[in-house]
Amino acid sequence: MSHSAISVENVHLSLGDAAARVHVLRGLDVHIGRGEAVGIVGPSGSGKSTLLMTMAGLERPDEGQVRVAGEDLGRLDEDGLARFRGENVGLVFQSFHLIPNMTAIENVAVPLELTGQPDAFERARAALERVGLSHRLDHYPTALSGGEQQRVALARALVTEPKILFADEPTGNLDGETGKQIIELVFALQREHQATLVLVTHDEGLAARCDRVIAMRDGEIVGGEAGIGRAAE
Amino acid sequence: MTAVTETAGEAAATSPVSRLPLPLRFAARELRGGLRGFAVFIVCIALGVGAIAAVGSISRALVDGISEQGQTILGGDVSVSLVHRELPEGELAGLESLGEVSKIATLRAMARRPDGETQTLVELKAVDDAYPLVGELEVSGADTASGALAATDDTHGLLAEAGFAARLGIEVGDAVEIGNGRFTLSGIIEQEPDRLSDGGIGWGPRAIVSHEGLEASGLVQPGSLLRYTYRVLLDGVASDARVAQVAEGLESEFPDAGWRVRTRDNASPRLKESIDRFSMYLVLVGLTALIVGGVGVANAVTAYVERRREGIATLKSLGASRRVVFLTYLSAILILAAGAILIGLAFGAAAPPIAGLFLRDALPVTNYGPFPGELAKAALYGLLTALAFALWPLGIAREIPARALFQGRAQDQGAWPARWLTVLLAAVVLALCGLAILFAADRFLAAIIVGSAAAIFVALRLVAWGIMAGARALPRSGPLAWRMALTAIHRPGAVTPSAVLSLGLGLTLLVAVAQTDGNLTRQLTVSLPDRAPSFFFLDIPRNAAEDLRQTIEEVAPDATVEEVPMLRGRIVSLEGVPVSEIEPHPDAAWVLRGDRGLTYAETPPGNGEIVAGSWWPENYQGEPLVSFAAELAEQLGLEVGDRVEVNVLGRTIEARIANLRKVEWESLSINFVMVFSPNTFAGAPHMVLATASLSDAEERGGAEARLMREVTRDFPTVTMVRVREALNSINDIVRQLAWAIRGASGFTLLAGIVVLGGALAASHRHRIHDAVILKTLGATRGRLLWTYVLEFGLLGLVTAAFATIAGTIAAWAVVTFVMQLDFVVFPWVALAAATGALAVTIGLGLVGTWRVLGQRPGPWLRNE
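Keep in mind the model is a prediction, meaning the values are calculated, not measured. (Residues numbered from 1 in each chain as written. Chains lettered and ligands numbered in written order. Predicted model: local features only at pLDDT ≥ 70, side-chain atom pairs only at ≥ 80, totals over all residues. Heavy atoms only, no water.)

1. Focus: the overall build of chain B
Inclusion rule: Secondary structure elements are defined from DSSP: runs of H or I of at least 4 residues count as helices, runs of E of at least 2 residues count as strands, and each element is numbered from the N terminus. Each residue gets one of three labels from its accessible area relative to the maximum for its type: buried under 20%, exposed over 50%, partly exposed in between, using a 1.4 Å probe on protein chains only. Using a 1.4 Å probe, the Shrake-Rupley method yields the accessible areas, and only the shown protein chains count as cover for residues. Two residue types count as positive, namely Lys and Arg, and two as negative, namely Asp and Glu; His and chain ends fall outside the count. In plain terms, the charge of a residue is placed at NZ if it is Lys, CZ if Arg, CG if Asp and CD if Glu.
When helices and strands are counted, chain B shows 28 helices and 22 strands. Its C-alpha atoms give chain B principal-axis dimensions of about 100 × 75 × 55 Å. For chain B, buried positions account for 53% of its 864 residues. Accessible surface, chain B: about 37500 Å² in total, of which carbon and sulfur atoms supply 58%. With 72 positive and 86 negative side-chain charges, chain B shows a spacing of 20 Å between the two charge centroids.

Have a look at this one:
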């Protein structure tokens, strides 16, 4: 499916060792179009985060194929996957995952530095201005509030203008008001960059703002419906 | 770049750091946050590098000092020395054509107060007016050194070290007798420029007289133990090349002179060799400290990688390759190691000036460094050690997957390091061992030591593994404290491997040093007096031997007296091959170097078993025969029937080996390498060498002092060596060397304690967690304390047991094979090691956990 941003076909994945091994993804098929915003919902342990990791090339399926931005992830080695992420993917996590020994601007500049961009810091500053943190450029993560940290993470995820933005419970560690601000920002930036968005969340209301919602349970897709934000592809 | 308002962010973009390659840039950001968690890392590397740099620098300063002052130490550019004979006219003229010549004579003699109350053995030196050709003889109490030696009426002047006056109880201006001569102590020697040229052990204080004074003493007799040395200060420019050329010329022009030629660039070969060899031991000990520190490095890097796990996974999720991650953290570690190495080097560079404060009077140090070569070696050792212990955890960091970021996956272990990294690691370890061997003075010995250290390292790892496996396998029954201690020993992240390795290596080394030292001291002090004689009498004129025997028997009727004729001679050739063309076994080289004592005997000596061939018959009159020391003969490749040519008193004699004899040198009885058949030296003038073994009762009754008094009074030219005193001199040196090695081993133990302390600190959080939980469940502090005592006590005990066994085996090997002495185990060493290990582990363990016991659970649980 050449017009798909993401195509997951018959993906199986088990995690854990021996007796503790759990079949987390059970033969999934997911297709996400370019520029589409897709929410993935489901109870804890349903496999939604694992699906996101598999799509982001952070986890390798035992079986099946994952194509993202036209690239067959199964053909890439560890470093190939890292490069692929650096060039195509932005990631936002529930617990921010800023690098503690780097300032806000350095955190945002890292993906650009990794691809050797000479104007990494200028673009990083612009990205931080875009998320309203121009006054926090040289603060270390520990000196930032949770909402500010997540905004830095968002700026970092989008500074490379990725084709796809993966967000794993981006508001999970934030209070209601801050979470709302962040999610507004996520959607605004996604629209601005015309990026594909995959959003994992517990919050069905939030998921409903996506073009489409995929519901999961026990490693299987149990339902898919159009969201209310925008029309499905 | 467009002009924008400069912000701190802008500064980051334009700072010099931003122009560095990516891994270095990231590494700089890593280190910007401070060095928390790296104290042990830095101390370990700095300690090891510092020890090695200090030893290397001090030894270089000494060796350079000897080389630079070679001319002063040798007393000229070239020297030739002969035993008990002066240089014939022709050869002396040859020397005088080269430049100014000074003649000195050295021997051991007895000095006594005219009232006969006190006497002492002296290292006597007779000098001419030209002495010293180089440097200055500094004296106090006299205006000029040469004037102080002049004769007035019937006495000659004498200069001596302060110890001489103290032993005899005299002052400057007082009279003293040596041999048959009367002398006046005219000044005290403050500095003797050529003191180190002999390089041997001084058995008495130095005294200097004129040649006329020596003549007057009557000590110069055929066969007396006297050495003449002629120093030459070359005319004109004496370049090193010219000096070497002159030395070669002397050897080739006078091939049969029987002298030993030395040049200023090798003024004190024995001292230089001793320094080289001793510094090799110390460097190897320093390297052990560095390797123990390496355990601390590995712990620090592992903990660091663990702390950075999330950051590494984040970098990877942002697109960083394994290469970038590896190089980033490798750079950070290398920058830290470089800093630690610099600290160590600063210490090493400061060592020679500090040591100079203590060595200034004893040894020649002119250049206090720094010595770039020595510092570079130490830095290289430090770098390789840091790499050897950091590469593995860094390799694991390289493999940390990006998915480690996700909830519930934080404990996901990274894969093993890549294969190329294991190969690199092996190369680094090999390079480290290789360099240690390559830089050593004795590579074979160094290889054995490095190999043993590696074996002990591996064995300690196995012991740690065994302890953990044992603790895991033991049934979970018994009191709670016991069960908890067992769990603490084997749980993941336990301090067991660190404690066993770090403490074990240092302790093993200390036990080995202590056992070796104990054996050596025992050999010299405890076991010998049973067999060794009380006195040696040297230079007894043949016609005085009978009277001397009577004197001894009068003073000490129970004494056993042994007498042998004694000549001096040197080996000229073996089986027709000149000595200069023989490359002897290192342990037998001394036999071919210079003059040896020779004797002859009608019957086999009582203390030597014949192991090959047979003794000559009574009144044997055939070709000259010789009995050779068996072990040395083997080392020199000699067998019964081989020919040995010796030069005695200028006459060359060829003898055939009739038998090989086992010689126990350490018995300190009269032993000769070569015992000839009596007809060999028929008519040759010679002296007598005698020993007297006093009974215990006689020794206790003060017969020794009486004998010293009577013999020096009645036989002034006979030199008496009191074995107990001579042994004490040797013993003092051995003891000083042992302290130096113990000091260096102390570094290893210190490094071990730092590593253990670091490992305990790292496990601190874990312990607080456990303690808090247990307290909430009702555990008292006493119970917790008991658990810790059990845990650390067990670790200390097993480590001490291993160290005692391994250290004792190492000492046994050194004593038996290297020193070739009997080995005895000293239980107190084992006991001290065990007590020490227990004290350190329990002590450190409890210091670290005392705070844990005091933690109130509330605040901790709220913060969890």
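2. Here's the deal with the pattern of salt bridges
All names here are of chain B. Applied cut-off: For this analysis, a salt bridge means a side-chain nitrogen from Lys or Arg found within 4 Å of a carboxyl oxygen belonging to Asp or Glu.
Considering all chains together, one arrives at 36 salt bridges over all chains under this definition. Where Glu192 meets Lys125, a salt bridge forms, and the shortest distance between an N and an O atom there is 2.6 Å. Linking Glu192 in the loop between strand 8 (181–191) and strand 9 (206–210) with Lys125 in strand 3 (residues 119–127), this pair joins segments that are 67 residues apart in sequence. For Glu192, a relative accessible area of 5% corresponds to the buried category. Where Arg656 meets Glu623, a salt bridge forms, and the shortest distance between an N and an O atom there is 3.2 Å. On the criterion of sequence distance, the pair formed by Arg656 in strand 19 (residues 651–661) and Glu623 in the loop between strand 16 (610–613) and strand 17 (625–629) is long-range, its members being 33 residues apart.

3. Observations concerning the domain arrangement of chain B
Residues and elements named next belong to chain B. Spelled out, the test is: Source of the domain bounds: an automatic or database domain assignment. The criterion used for residue contact is that any of the two residues' heavy atoms lie within 4.5 Å. Once two parts are brought into contact, the accessible area they lose, counted with a 1.4 Å probe and summed over both, makes up the buried area.
Segmenting chain B into domains produces domain 1 (35–69 + 269–441), domain 2 (70–266) and domain 3 (529–724). The distance between the C-alpha centroids of domain 2 and domain 3 comes to 27 Å. Each side of the interface is counted separately: domain 2 has 24 residues, and domain 3 has 20 residues. Of the roughly 2100 Å² buried between domain 2 and domain 3 on both sides combined, carbon and sulfur atoms contribute 65%.

4. Describing the interface of chain B and chain A
Rules: Any N or O atom pair separated by 3.5 Å or less is treated as a polar contact, with the protein-specific requirement of one donor-capable and one acceptor-capable atom, and with residues adjacent in sequence counted only for side-chain atom pairs. Under this grouping Gly is polar, as are all residues other than the nonpolar Ala, Val, Leu, Ile, Met, Phe, Trp, Tyr, Cys and Pro and the charged Asp, Glu, Lys and Arg.
Listed as interface residues are 34 residues of chain B and, on the opposing side, 34 residues of chain A. For the pairing of chain B and chain A, the buried interface totals around 3100 Å² over both sides, and the portion due to carbon and sulfur atoms is 57%. Note that Arg29 of chain B and Glu106 of chain A form a salt bridge whose closest N and O atoms lie 3.6 Å from each other. At the boundary of chain B and chain A, one finds eleven residue pairs in polar contact (both at pLDDT 80 or more). Secondary-structure elements contributing two or more residues to the side of chain B that touches chain A are helix 1 (8–14), helix 2 (22–32), helix 11 (309–317) and helix 12 (322–359) of chain B. Class assignment of the residues belonging to the side of chain B that touches chain A gives a composition of 14 nonpolar, nine polar and eleven charged.

5. Topic: the side chain of Thr328 of chain B
Residue and element names in this part refer to chain B. Summarising the element assignment, Thr328 is placed in helix 12. A relative accessible area of 1% places Thr328 in the buried class. The contacts of Thr328, once residues within four sequence positions are left out, are Pro23, Phe26, Ala27 and Glu30.

6. Some thoughts on the sheet that holds strand 4 (residues 63–68) of chain A
Residue and element names in this part refer to chain A. In plain terms, the rule: Pairing between two strands is assigned when DSSP locates at least 2 bridges connecting them.
Pairing is antiparallel in the open sheet, where four strands are placed in the order 2-1-4-5. The two strands at the open ends of the sheet, each matched to only one other strand, are strand 2 (22–33) and strand 5 (71–72). With nine bridges joining them, strand 1 (residues 4–15) and strand 2 adopt antiparallel strand pairing. Paired with Leu15 across the two strands is Val22, which belongs to strand 2.

7. Here we look at the packing of aromatic side chains
Residue and element names in this part refer to chain B. Stated formally: By convention, a stacked pair of Phe, Tyr or Trp rings (six-membered ring in the case of Trp) has centres within 6.5 Å and planes under 30 degrees apart, an edge-to-face pair has planes over 60 apart, and any other such pair is tilted. The rule for a charge over a ring is simple: NZ of Lys or CZ of Arg within 6 Å of the ring centre, and within 35 degrees of the ring normal.
Inspection of the entire model under this criterion finds twelve aromatic pairs over all chains. Geometrically, the ring pair formed by Phe38 and Tyr304 is edge-to-face, given 4.9 Å between the ring centres and 70° between the ring planes. Residue Phe38 is found in the loop between helix 2 and helix 3 (39–68), and its partner Tyr304 is found in helix 10 (residues 269–307); the two are separated by 266 residues along the sequence. With a centroid separation of 5.4 Å and an interplanar angle of 80°, the aromatic rings of Trp392 and Trp416 are classed as edge-to-face. With Trp392 in helix 13 (residues 372–398) and Trp416 in the loop between helix 13 and helix 14 (419–438), the pair connects residues that are 24 residues apart, well separated along the chain. Taken together, the ring pairs connect Phe38, Phe41, Tyr304 and Tyr329 into an aromatic cluster. Across from the ring centre of Phe439, 4.9 Å away, lies the NZ or CZ of Lys377, which sits over that ring.

8. As for unusual backbone geometry
Residue Pro132 of chain B is bonded to the preceding Tyr131 of chain B through a cis peptide linkage, with omega at -15°. Within the element layout of this structure, Pro132 of chain B appears in the loop between strand 3 and strand 4 (138–140). Positive phi outside glycine occurs at Asp218 of chain A, with the angle close to 50°. Among the secondary structure elements, Asp218 of chain A is positioned in the loop between strand 9 (212–217) and strand 10 (220–226).

9. Points about the pairing of strand 1 (residues 78–83) of chain B
Residue and element names in this part refer to chain B. With six of six residues buried, strand 1 is to be regarded as a mostly interior element. Side chains Val78, Val80 and Leu82 of strand 1 all project onto a buried face; the interleaved residues Ser79, Ser81 and Val83 project onto the opposite face, where all are buried too. The pairing of strand 1 with strand 10 (residues 226–234) spans six bridges and is antiparallel. When the bridges of strand 10 are listed, Val80 appears paired with Tyr230. Sheet analysis places strand 1 next to strand 11 (residues 260–263), joined by four bridges and oriented antiparallel.

10. Description of the packing of helix 16 (residues 480–490) of chain B against helix 26 (residues 781–818) of chain B
Residues and elements named next belong to chain B. Put simply, the rule reads: To define axes, lines are fitted to C-alpha atoms, for helices over the stretch in contact only, and angles between the resulting N-to-C directions are given on a 0 to 180 degree scale. Roughly parallel refers to an angle under 35 degrees, roughly antiparallel to one over 145, roughly perpendicular to one between 65 and 115, and oblique to any angle outside these ranges. In this scheme, a crossing is called left-handed if the near helix is turned counterclockwise away from the far one by less than a right angle; it is called right-handed if the turn is clockwise.
Interaxial distance between helix 16 and helix 26 falls to 8 Å at its minimum, and their mutual angle equals 50°. Taken together, the axes of helix 16 and helix 26 lie oblique to each other. The interaxial crossing formed by helix 16 with helix 26 has right-handed handedness. Residues Leu480, Ala481, Trp482, Met484, Ala485, Leu486, Ala488 and Ile489 of helix 16 pack against Arg783, Leu784, Trp786, Thr787, Leu790, Glu791 and Leu794 of helix 26. Tallied by class, the residues present in the contact of helix 16 with helix 26 amount to twelve nonpolar, one polar and two charged.

11. A few points about the confidence of the model for chain B
Residues and elements named next belong to chain B. Note the following rule: What pLDDT conveys is the predictor's confidence in a given residue, as a value from 0 to 100.
Chain-level pLDDT for chain B is 83 on average; 92% of the residues reach the 70-or-more range. Below pLDDT 50 for its whole length, residues 1–6 participates in nine contacts with residues either more than four positions away or in separate chains. Segment residues 407–411: pLDDT under 50, and eight contacts once partners within four positions in sequence are set aside and those in other chains are kept.

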